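# Close look at the chain arrangement
Letter by letter, the chains look like this.
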Amino acid sequence: MRQGLFPQRKAFAIAAAPAPRCLMHCPSSQFSDSSRRKSLFCKGPVSRHDGRHGGWQFALLALWLWACSLPTQAAPWLTEGRPTARAHEAVEILADAASEGLEPEDYSATALAQAISTAAQGVVLHEATARQLEDALSAALQRYLSDLHSGRVDPRAVHQDYSLPAPTRTDPAQLLQQALAAPSLHAGVRAAAPQLPQYAQLRSALAQYRALGAHPAWAAPLPPLPAPATSTPSKTAAKAAARKASRNPKLDLGQEWAGLPLLVQRLVALGDLPPDTAVPARYDESVQNGIKLFQERHALEPDGVIGQATLAALDVPPAARAQQIALTMERLRWTPLLRGPRMIVINVPEFMLRAYEQQNDRIVLRLRMKVIVGKALDTRTPLFDEDMRFIEFSPYWNIPPSIARSETIPRLRRDPGYFAREGFEFVDAQGRVHTALAPAYLDAVLRGQMRIRQRPGPRNALGDIKFIFPNNSNIYLHHTPATQLFARPRRDFSHGCIRVEDPVALARFVLQNDPAWPEERIREAMAAGKSSTIRLAEPIPVVIAYITTVIQQGKVYFLADLYGHDRLLAQALRAQTEQRRAAPLPVPHIAP
């Protein structure tokens, strides 16, 4: 079964790396930020005669002293004033930073490559100049490794509603030491990147779309779509039909279009049509099949009709898609991945939930279903990482005060019968329930003295089950009576919570290790009409993520930037690059 979105990210570790540096940190003089480098073990004097700890503490102290001697040694970049093979390897890696979705000049790649080339051919460098060049190369590699491993920006700086933990920032000096301990520097650097198949596949897709940047299929835009053929009995009706057609042009089977040669060329280049596809005189089924594949890969209705949305997607240049892939690679550096035997991931712009399980050191996709997320306009689903701890069967819906004020109370004042039809009731501050509608109760809700809730039943907005993972945004997973909405290609209809397509399958996954909850009992509890809540014996991590490029079965799928998060991330990355260009890493001038 395909892995989907987030298989496990392995810890970055090289077996040959100096192990003591992973256990204890060197004195603050060895690092630029000593406050983060304090040893967890050094809480008092260490004595080899301490009856409780003596042996292991003394051993750690010896290892610590050995490890702390490493940073004072020169990096293996120069020998007798000449660049080593590792130095040439290092500048190659920096020059190729774009293959990882990074900016080579963020690491002074051109200047360092020139300096190393000159140092290899010119006069032997003086000791001071050699030390400056080694320091410059080390600083560039450390910045590069940090960006590759943990990302370039803090996600909380670009997301207003971002509650995922900040990516763990491994000490850049330690990252470099680990990379240098690998059999080759290329292998060590590759180990610093996210260790998951999705990332490696995105790297390949990035190379593919960058290679298409100069393809002649995108040298000119596609021409306007033809107006649909009309046959109307009157001139007035013909004019009205023509106006409507001009607003909604489209290409359907059997129509001629001047853009067919360019269209076929693009679909072949993208892999949606076979290389030997001939250009037809009219839009035929062979080309339509390629369009359906293209539409499916770009989150469009795969109906084979080329309308304005499909034409716009076809006109997106490969360079823009390459940037979208690079943004996704950046997000994968932050996103928390499997931290237990099971995990649930919701990808908001994909409107999709996946459930994973670890088996024999492999991550297996156990479940995949459609979801409905918060409206892009005003009730966006936040991004966070929390543990699912409870399931509520036949739940009450406690209407949030904001929804009660803006929607429910105005509706009840216009239509009092809505109260009984929907099964609403009032609950006061003492927990007393009031089942009659009264203007005084509505006023009390507005003052915060009462709340409105919906009783369990077929019209309950939460459906018949609620999956609870306590969080500051009061977001949860639930079913819905409006199941017809799952058939829509774009599914941002909620007030922020996430509606799931197949709640029974999700409950079975969550409770699979609890023999007291077979599927029959789950269904009975959902249909009971009486609220009951159970605590999970094994909490399950839930990650709400935002990924707009997904690889499935070897194909690249591009999703719409639903909430504009990609746009904000691209702006933050551009701003950071501008700052780095304004104050580049210093590289000594090497005279020829």
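Residues numbered from 1 in each chain as written. Predicted model: local features only at pLDDT ≥ 70, side-chain atom pairs only at ≥ 80, totals over all residues. Heavy atoms only, no water.

### What about the sheet that holds strand β8 (residues 424-428)?
To keep things clear, this is the line we draw: One bridge is not enough; two strands pair if DSSP finds at least two bridges between them. The numbering of helices and of strands both runs from the N terminus, where a helix is a DSSP run of H or I of at least 4 residues and a strand a run of E of at least 2. Contact definition: two residues touch when any of their heavy atoms are within 4.5 Å. Angles run from 0 to 180 degrees between N-to-C directions of axes, and those axes are lines fitted to C-alpha atoms, restricted for helices to the stretch in contact.
Judged by pairing direction, the sheet is antiparallel, and its 4 strands sit side by side in the order β7-β10-β8-β9 without closing on themselves. Two strands close off the open sheet at either side, each with one partner strand: β7 (397-398) and β9 (433-434). Those strands touched by helix α14 (residues 401-414) are β7, β8 and β10 (450-454), and its axis lies near 75° from that of β10. Against the sheet, helix α16 (residues 439-446) touches β8, β9 and β10, its axis set at about 105° to β10.

### Thoughts on the packing of aromatic side chains
Applicable threshold: Centres within 6.5 Å are what make two rings of Phe, Tyr or Trp a pair, Trp counting through its six-membered ring; a difference in plane orientation under 30 degrees is then read as stacked, over 60 as edge-to-face, and the rest as tilted. With a 1.4 Å probe rolled over the protein chains alone, any residue whose accessible area is under 20% of its type maximum counts as buried; one over 50% counts as exposed, and the rest are partly exposed. In this scheme, the term charge over a ring applies when either NZ of a lysine or CZ of an arginine sits within 6 Å of the ring centre and within 35 degrees of the ring normal.
Summed over all chains, the structure comprises 9 aromatic pairs. On the numbers, 5.4 Å between centres and 90° between planes, the contact of Y107 with Y144 is edge-to-face. Here Y107 is found in the loop between α3 (85-95) and α4 (109-121), whereas its partner Y144 is found in helix α5 (residues 127-150), with 37 residues between them in sequence. As far as burial versus exposure is concerned, Y107 and Y144 are alike and both buried. Between the aromatic rings of Y209 and F558, the centroid separation amounts to 5.3 Å while the plane-to-plane angle is 80°, which identifies the pairing as edge-to-face. With Y209 in helix α8 (residues 197-211) and F558 in strand β17 (residues 555-558), this pair connects stretches of sequence that are 349 residues apart. By the burial criterion, Y209 is buried, and F558 matches it. Here the aromatic residues Y418, F419, F424, F426 and Y441 are joined through ring pairs into a cluster of three or more. Above the ring of Y396, the side-chain terminus of R453 is found at 3.9 Å from the ring centroid. One residue, R521, lies across the ring of W517, its end atom 3.8 Å from the ring centre.

### Some details on the side chain of R331
Relative to the assigned elements, R331 resides in helix α13 (residues 318-334). Judged by its relative accessible area of 2%, R331 is buried.

### Description of the nonpolar core
Formally: Throughout this description, the term nonpolar core refers to a set of buried Ala, Val, Leu, Ile, Met, Phe, Trp, Tyr and Cys residues connected via side-chain atoms within 4.5 Å.
Core analysis: the largest hydrophobic core is formed by 75 residues, its most contacted members being W77, L94, L137, Y144 and L263. Looking at which element gives the most residues to this core, the answer is α5, with 9 residues. In this view, L137 contacts W77, A87, A90, V91, L94, L112 and I116; residues no more than four positions away in its chain are not counted. By size, the runner-up hydrophobic cluster in this structure holds 60 residues, among which are I399, L442, W517 and V542.

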